[in-house]
Amino acid sequence: MKLRIKCVLWICLSVTLLLLLPSVKLRISNENANRSVILAADIQEFASLWTDSIESLVQKLKDSSIQTAVVKEDAVQSSQNICSFDIQLIENLRKQDMDVILQISGVYHDAKYYGSLKNIITHYGIRYIQFESPLAPSGSEDNTPAVFALKESGVILLLVENAQQTGHAAVPGLDPIISSMDYAAGRAYITPPGDLAALGEEDLLFRWLRGVVDRSIRFIYVQPFQSGSSTALQNLEGPLEASTELSILLDQKGYKVNQPVLVPSPRLSGPFHILLILLNLLLAFSLGFCYLFTPNKRFWLWTAFSGISSAVLFLLFQDSTALVLEATAASVLYPSLAVIVLLVYLKNTTHKKIWMHILHSLALLALCTVSGVLSILAAMSDVRFTLHLVNFSGSLLTYTLPLVTFVAGYLLLFKSPGIWGLIMRGIRSKKGNPSHFLLGLAGIAVFYIYLSRSGNYSLIPASVLELNIRKTLERFMTVRPRFKEFLVGYPCFFLFVLLCKRTAKSLVPIILGLGTTIGIISIFNSFCHGFTSVRVSVYRTLNGFVLGLMIGLAALLLVTVFHKALAVQTYSNSSNVRKKLGMKFFIK
């Protein structure tokens, strides 16, 4: 009966995924149609360091793979509702076949201002504009003239990424314009002034590269360095050399440098789409429950009530809020389902050959991972996520709850009273044991490092060695895989499959299983970044699998050859050795 219920749930889950495929296809088609990257020079900044003619400067920029120039308006005159771009500069640039990005100071201007701006856009064939915060707030807060002028002009808005990488830099009045223009926008990156004074050429190059690959930045602003210890020529030459090398690397990775950026599809997710994802999540939750317990009538009634209540709440929310909640739920439920399915298989399998365990376990994890990834992509499929107008905010839950699920599932399925006894004796012990204390501190430290190195805000900076390894992987691989996958997840997975039953009464399988779960979480988290293309996340996962497979098999070979059965069992056969090593709590 229980097997039949699980089969029905898997079939229903598959049907919901098939119905969600068109939304996933929409996101992928938007990403595949927009593989161009524009390298744009801050022409006025470069001109301030250039001692020759503007024509020779433009040729210098072209030799550095830069075909676009950013032209700023006079911010003071702009605050007085005067459209004040350097027309002669724009004419010279267009005569030399340079595209132009107009950088506008503030959104709130009158109809006369936007009439003048529209004439400039039309006359010189301007395709891209970027708003920046004004020097002083405008008395008016009417962006209607901007909406009419820009929508009729057919321009693309540039959304500059903020310093926290959580969206675009705030400009008063800009967000309503983005939606009114049907999301005709692209993501841009401007290096902060402080970093221009501190970064070197190689650091700037890889910062740009990560922006393009990891965060779908499509407009890179190239600016002179501002180092006080360098000459004007060095400040000018450094970014241009980085720009040339960036163009080569992007071409090798399949991007189209300086080709026109296309407008993404503005189609948004509707109520039916939201309800379909909700049904998918309820099925995933029910599957996980059925693998661990035998469901009764009360469970199904509770699930139905929760589903109906959630549906009502989601439809009352703004659709973007509902989609973020659903993406967060998928990023927690599916990794949890994956580890539960893995544990149940390893508990019940009768195969004696380790390679059969590994292949079957990989197949089950792949099934759960693909199902979960499709659900996350469906929830984050429309243009608001790809432009990072809506931010995924469930990372903390994604990083922690599946770990709790694994520990609970392992203790429940393998019924290891020895582990519970060790833990309870350690808690109740009046004398205390230094090994208990040290083990607890080590666990807290590892968990802190794990959380601190996850997400956008890394509390622990990467070491020089790690940064150099990153640069090497980024230079020679299509996409850099994550360390948590190929250095932690896969090696722990192979050893966990090997040792799960052999040392069920020790803490070793739990530690290895937690490492496996961290790798699974990392894969799902890669797809939770709506602004990162699906293609990049797939390559990242595959590269992590290839490297992890090599490292994991090497670890498996070492344990098999040099320890044969298990080093832990050697210790466990000698209580005297365990006591001398202070490992009584660690190994039963």
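Please read these numbers as outputs of a predicted model, since none were measured by experiment. (Residues numbered from 1 in each chain as written. Predicted model: local features only at pLDDT ≥ 70, side-chain atom pairs only at ≥ 80, totals over all residues. Heavy atoms only, no water.)

### Section: empty space enclosed by the protein
- As enumerated under the stated definition, the model contains four cavities of 30 Å³ or more in all.
- In this structure, the largest cavity encloses a volume near 220 Å³.
- Along the wall of the largest cavity there are 16 residues; nearest its centre are Glu31, Asn34, Ser216, Thr386 and Leu387.
- Where the lining of the largest cavity is concerned, the elements lending two or more residues are α1 (2-32), β6 (185-189) and α16 (383-386).
- Residue contributions to the lining of the largest cavity peak at three residues, all from β6. (1 Å grid on protein atoms, 1.4 Å probe; cavity = no way out; pocket = protein on both sides within 12 Å on 5 of 7 lines; lining within 4 Å. Points joined across faces, edges and corners; volume = space filled by probe spheres on them. Helix = DSSP H or I, 4+ residues; strand = E, 2+ residues; numbered from the N terminus.)

### Re the nonpolar core
- Core analysis: the largest hydrophobic core is formed by 74 residues, its most contacted members being Tyr291, Tyr334, Leu337, Tyr410 and Phe496.
- In contact with Tyr334, other than residues within four places in its own chain, are Leu13, Asn280, Leu281, Ala284, Cys368, Ser371, Gly372, Ser375 and Phe524.
- Membership of the second largest hydrophobic core comes to 70 residues, among which are Ile66, Val107, Ile217 and Tyr255. (Core = buried A, V, L, I, M, F, W, Y, C linked by side-chain atoms within 4.5 Å. Buried < 20%, exposed > 50% of the residue type's maximum accessible area, 1.4 Å probe, protein only. Contact = heavy atoms within 4.5 Å.)

### Quick look at a nonpolar patch on the surface
- Among the surface-exposed residues, Ile308, Val312, Leu313, Leu316, Phe317 and Leu325 lie close enough to one another that they form a single nonpolar patch of about 600 Å² accessible area.
- Element by element, the count of residues in the nonpolar patch is highest for helix α13 (residues 297-316), at four residues.
- Here Leu325 shows up in helix α14 (residues 319-348). (Patch = residues over 30% accessible without salt bridge, like charges linked within 9 Å, V, L, I, M, F, W, Y side chains within 5 Å. Areas by Shrake-Rupley, 256 points an atom, 1.4 Å probe, with all protein chains shown as cover. Salt bridge = Lys/Arg side-chain N within 4 Å of Asp/Glu carboxyl O.)

### Quick notes on the pattern of salt bridges
- Inspection of every chain in the model, using the stated rule, returns 18 salt bridges.
- Residue Arg215 pairs with Glu161 through a salt bridge whose shortest N-O separation is 2.7 Å. Placement of the pair is Arg215 in helix α10 (residues 201-215) and Glu161 in the loop between β5 (156-160) and α8 (174-180), with a sequence separation of 54 residues.
- Since its relative accessible area comes to 6%, Glu161 is described here as buried.
- Among the ionic pairs, Asp214 bridges to Arg540, the shortest N-O distance being 2.8 Å. A residue pair is termed long-range when its members are at least 10 positions apart, and Asp214 in helix α10 and Arg540 in helix α23 (residues 534-563) qualify at 326 residues. Comparing Asp214 with Arg540 shows no difference in burial state: the two are buried.
- Three or more residues are tied together by salt bridges with common partners; here these are Glu202, Asp203, Glu245, Lys471 and Arg475.

### Let's talk about the environment of Leu205
- Along the polypeptide, Leu205 turns up in helix α10.
- For Leu205, a relative accessible area of 2% gives the class buried.
- Once residues within four sequence positions are removed from consideration, Leu205 is found in contact with Ala242, Glu245, Leu246, Leu249 and Arg475.

### Brief notes about unusual backbone geometry
- For Gln165, which is not a glycine, the phi torsion comes out positive at approximately 60 degrees.
- The residue Gln165 is located in the loop between β5 and α8 in this model.
- On the basis of relative accessibility, which here comes to 27%, the residue Gln165 falls in the partly exposed class.
- The residue Tyr183 is not glycine, and still its phi comes out positive at about 60 degrees.

### Brief notes about the layout of surface pockets
- In this model, the second largest pocket occupies a volume close to 500 Å³.
- Lining the second largest pocket are 21 residues, with Ala366, Thr369, Tyr490, Ile523 and Thr541 positioned closest to its centre.
- Elements that contribute at least two residues to the lining of the second largest pocket include exactly α15 (354-379), α21 (483-499), α22 (508-526) and α23.
- The dominant element in the lining of the second largest pocket, judged by the number of residues it contributes, is α15, at seven residues.
- Partitioning the lining of the second largest pocket into residue classes produces 15 nonpolar, five polar and one charged. (Nonpolar A, V, L, I, M, F, W, Y, C, P; charged D, E, K, R; others polar.)

The values reported here are purely geometric and, on their own, carry no functional implication.
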